[in-house]
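# Architecture at a glance
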Amino acid sequence: MRDTDPHGVDAGTRIVFRADCPSRPILDQIADKWSMMVMALLEQPMRFNELKRRLEGVTQRVLTQTLRRLERNGMIQRKVLPTSPVGVEYSLTALGESLREPFGHLYSWTVEHSEEIQNCRRAYDSRADA
């Protein structure tokens, strides 16, 4: 039997993708488009409706689920405001802030390569249609 680290990485082959690896649900959250967009918007605290207005196409249900998962994973905090009616404000935690830099690199890469990726998609789709 081979030695593995707590994340299921085999010391000999460096295979990572074990089904019980604790990184899987975290990567699922981080890789989610709505999660990344919410975190990008939270440079400063925002209320739910402001987030919803700035995320064109997101439904109230999906935004609520996204915010709950981010809060559960420690990326954002939810603060109930003493207003009438009661308001809620969301902001990044220190853990969420620590993801901004790597996310920035991913976002920059996406913007830099988006035209190339769109060309690849068109080429693939034209071959698939033939």
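Relevant structure appears above.
So, a few notes on the structure that sits alongside this text. Model, not experiment: these values are computed from the prediction.

Think of a sheet as strands paired side by side through backbone hydrogen bonds, with each pair either parallel or antiparallel. Read across the sheet, three strands follow the order β1-β3-β2 without closing on themselves; strand pairing throughout is antiparallel. A strand with exactly one partner marks an edge of an open sheet, and here the two such strands are β1 (46-47) and β2 (76-81). Pairing analysis gives two bridges linking β1 to strand β3 (residues 87-92), with the strands arranged antiparallel. Considered in β3, the bridge of M46 is made with Y90.

What follows is about the pairing of β3. When you tally the buried positions in β3, you get five out of six residues, the bulk of the element. Judged from the six bridges that link them, β2 and β3 form a sheet pairing that is antiparallel. Bridging from a neighbouring strand, R78 pairs with Y90 of β3.

A few words now on the nonpolar core. L42, L51, L63, L67, I76 and Y90 are the most contacted members of the largest nonpolar core, which has 21 residues in total. Put simply, the parts of the chain that give this core at least two residues each are α2 (33-41), α3 (48-54), α4 (60-72) and β3. Residue contributions to this core peak at five residues, all from α2. Contacts of L42, omitting those with residues within four sequence positions, involve L51, I76, Y90, S91, L92 and R100.

With that settled, consider the environment of N73. You can see N73 is positioned in the loop between α4 and β2. In the structure, N73 is positioned 47 residues away from I26 in sequence and 7.6 Å away in space, judged by C-alpha atoms. In this structure N73 touches Q29 and L95, once residues within four positions along its chain are discounted.

To continue, consider unusual backbone geometry. The omega angle of the peptide bond from S84 to P85 is -5 degrees, so this bond is cis rather than trans. Relative to the helices and strands, P85 resides in the loop between β2 and β3.

Criteria and thresholds
Residues numbered from 1 in each chain as written. Predicted model: local features only at pLDDT ≥ 70, side-chain atom pairs only at ≥ 80, totals over all residues. Heavy atoms only, no water. Pairing = 2+ DSSP bridges. Helix = DSSP H or I, 4+ residues; strand = E, 2+ residues; numbered from the N terminus. Buried < 20%, exposed > 50% of the residue type's maximum accessible area, 1.4 Å probe, protein only. Core = buried A, V, L, I, M, F, W, Y, C linked by side-chain atoms within 4.5 Å. Contact = heavy atoms within 4.5 Å.

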